[in-house]
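Structural overview for review
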Amino acid sequence: MQISFHGAARNVTGSCHLVECAGKRILIDCGIYQGSRSMDEENSNDFGFDPTGIDFLILTHAHLDHCGRIPLLTKRGFRGRILCTSATRELAKLVMLDSAHIQEEDAKYQNYKASKRKKSGTPVEPLYTTIDALNALDFFVDIARWEKPHQLAPGISVTFYDAGHILGSACVLLDLEEKGQKRRVLFSGDLGSSDRAILPDPAPAPEVDVVVMETTYGNRRHRELSESIIELFDAINSTISGHGNVLIPSFALERSQELLYYLREGIEQGKLPHNLRVYLDSPMAISATEIFRRHPECFDEETWQVLVSGRDPFALPGLQFTRDTADSVALKNMEGVVIIAGSGMATGGRIRHHLRNNLWKPEAAVIFVGFAAQGTLARLIIDGAEEVRIFNEEIAVNAAIHTINGFSAHADQQELLTWHRQTKAKRTFLVHGEESTMQEFAGLLTGTEVILPEQHSVHNL
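A brief report on the enclosed structure follows. All of these numbers come straight from a predicted model, not from anything done at the bench.

**Considering the overall build of the chain**
Helix and strand content of the chain: 14 helices and 22 strands. Here the C-alpha atoms of the chain give a radius of gyration of 22 Å, agreeing with the 23 Å that 2.2 N^0.38 yields for 461 residues. Each principal axis of the C-alpha distribution contributes one length, and for the chain these read about 70 × 60 × 40 Å. Relative to its 461 residues, the chain shows a buried fraction of 57%. Counting only contacts in the chain whose residues sit at least 6 apart along the sequence, the fraction spanning at least 24 positions is 74%.

**Let's talk about the pattern of salt bridges**
A complete count under the given rule lists 24 salt bridges for this structure. Notably, a salt bridge pairs Lys-424 with Glu-207, separated by 3.4 Å at the nearest N-O pair. Within this pair, whereas Lys-424 is found in the loop between helix H13 (413–423) and strand E20 (427–431), its partner Glu-207 is found in the loop between strand E10 (181–187) and strand E11 (210–214), the two being separated by 217 residues in sequence. A salt bridge links Arg-379 to Glu-434; the shortest N-O distance between them is 3.4 Å. Residue Arg-379 is located in helix H12 (residues 377–382), and its partner Glu-434 is located in the loop between E20 and helix H14 (435–442); the two are separated by 55 residues in the primary sequence. The buried category is assigned to Arg-379, whose relative accessible area is 15%.

**Considerations on the packing of aromatic side chains**
Tallying each qualifying case throughout the model produces eight aromatic pairs. With centroids separated by 5.7 Å and ring planes inclined at 85°, the aromatic side chains of Tyr-261 and Tyr-262 adopt a geometry described as edge-to-face. Side by side, Tyr-261 and Tyr-262 carry an identical accessibility label, which is buried. Of the aromatic side chains, those joined through ring pairs into one cluster are Tyr-261, Tyr-262 and Phe-407. Just above the ring of Tyr-261 sits the side chain of Arg-264; from NZ or CZ to the centre is 4.6 Å.

**Some words on the environment of Glu-440**
Structurally, the position occupied by Glu-440 is in helix H14. Exposure remark for Glu-440: the relative accessible area of 40% places this residue in the partly exposed category. As a C-alpha pair, Glu-440 and Gly-218 span 222 residues in sequence and 7.3 Å in three-dimensional space. Those residues in contact with Glu-440 that lie beyond four places of it in its chain are Asn-219 and Gln-413.

**A closer look at the pairing of strand E9 (residues 170–178)**
Most of E9 sits inside the fold, with seven of its nine residues counted as buried. In this structure, strand E8 (residues 156–162) lies alongside E9, joined through seven bridges in antiparallel fashion. Pairing of Ser-157 across the sheet is with Asp-175, part of E9. Relative to E10, E9 runs antiparallel, the two sharing seven bridges. Bridge pairing in E10 links Val-172 to Phe-187. Counting the residues in the hairpin turn of E9 and E10 gives two residues, including Lys-179, whose phi is positive at 50°.

**A look at the sheet that holds strand E3 (residues 24–28)**
Read from one edge to the other, the open sheet built from seven strands follows the order E6-E5-E4-E3-E2-E1-E22, with strand pairing classed as mixed. The open sheet is flanked by strand E6 (140–142) and strand E22 (458–460), the only strands paired with a single partner. Here the average twist between neighbouring strands, direction ignored, is 25°. Contacts between helix H4 (residues 86–116) and the sheet are confined to strand E5 (81–84) and E6, with E6 contributing the most and set at about 150° to the helix.

Cut-offs used in this document
- Residues numbered from 1 in each chain as written.
- Predicted model: local features only at pLDDT ≥ 70, side-chain atom pairs only at ≥ 80, totals over all residues.
- Heavy atoms only, no water.
- Helix = DSSP H or I, 4+ residues; strand = E, 2+ residues; numbered from the N terminus.
- Rg over C-alpha atoms; globule rule 2.2 N^0.38 Å.
- Buried < 20%, exposed > 50% of the residue type's maximum accessible area, 1.4 Å probe, protein only.
- Contact = heavy atoms within 4.5 Å.
- Salt bridge = Lys/Arg side-chain N within 4 Å of Asp/Glu carboxyl O.
- Phe/Tyr/Trp six-rings, centres within 6.5 Å; stacked < 30°, edge-to-face > 60°.
- Lys NZ or Arg CZ within 6 Å of the ring centre and 35° of its normal.
- Pairing = 2+ DSSP bridges.
- Axes fitted to C-alpha atoms, helices over the stretch in contact; angles between N-to-C directions.

This is the structure:
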């Protein structure tokens, strides 16, 4: 029995881990790298294993950095089964198709630029196409039950535990047996934070031999959510009263729906103007919201109570969905509105257009409500850049910048420590975090052997 690490090893994105046992090869996640150009190049490199030899892929959740290279995996020969929850499958379809479209558009743009410079050479090919993403969907199989073992092969079973991160997200337990040896190996996926709207808290972790866990916020505590909501409302009220626009770069999955939930509450409680104009300017977030409405079985008790009362948890009086590009472009003429748009790290999507149109205005505000990886536009702005480059223009950063990390969908340091103690694991592999964060978090763990695996490293279980 062994495990190898082919992504999110000493960095935050590209989650991909391979377990080998009893003649079977099981992949946990197959995510895309996000951030710098070197990360983009990493996506097209070899996986570090032969895709044709993988028997199963178990998908913890539908974020791009966990599912974004699945179409490339199938394109390169994977023919096994992809197991996940029903909600994850629906969201992954949305995410992969959107990613394929971006890959195609980026390749088209790069080739257009090359043709203008009269450069010869091999045309740029997308990492994968829409057809590749659609083909990948043929291999998905739903696992419907939480905390019930599902046998994959003799000596190998998988059990899902609710991770409380995004809709359908799971921690994955593998019970392994080979040549009389048994191991229980738990993958955290991405762990959610407690006491959040919409989703239940993460399920208690089972006791295991080995744990592979994320460390995104292993070096910090989140602010109280109630304080973060107050800060969000204050930033919106002060900006709107000055006729400025509020831009919220937001992940299409979970964060956008959570924002709609709290904005609805703020209006109902009189903490925000009843006539507040809110634009959800993200086709993917709009579709994701529709998927959320189809999966109330994933909701927590608080959200169920909203539904039982006959209200829509994600609806507010001044909300408008802008699917069409023309409607999105028209927002540049608006003032005193809230615009929620992707991507959350401002690496692409419509938010970059809104930043170009508003970032230089002192009356505007940008509210970051999620993690921003090194090398992303969001991180540059958060770190205090006075000027940033957007669409080949130098844009001054004059808008008010707010960073509200209490909305994070990731567990903080204390929550990660509590979850890890529940596992009683003898060995711990730390992944999905910046290396300095991993080192700090590793120093807090006791009673376990801690390993920070390197890319493509192999370890016995």
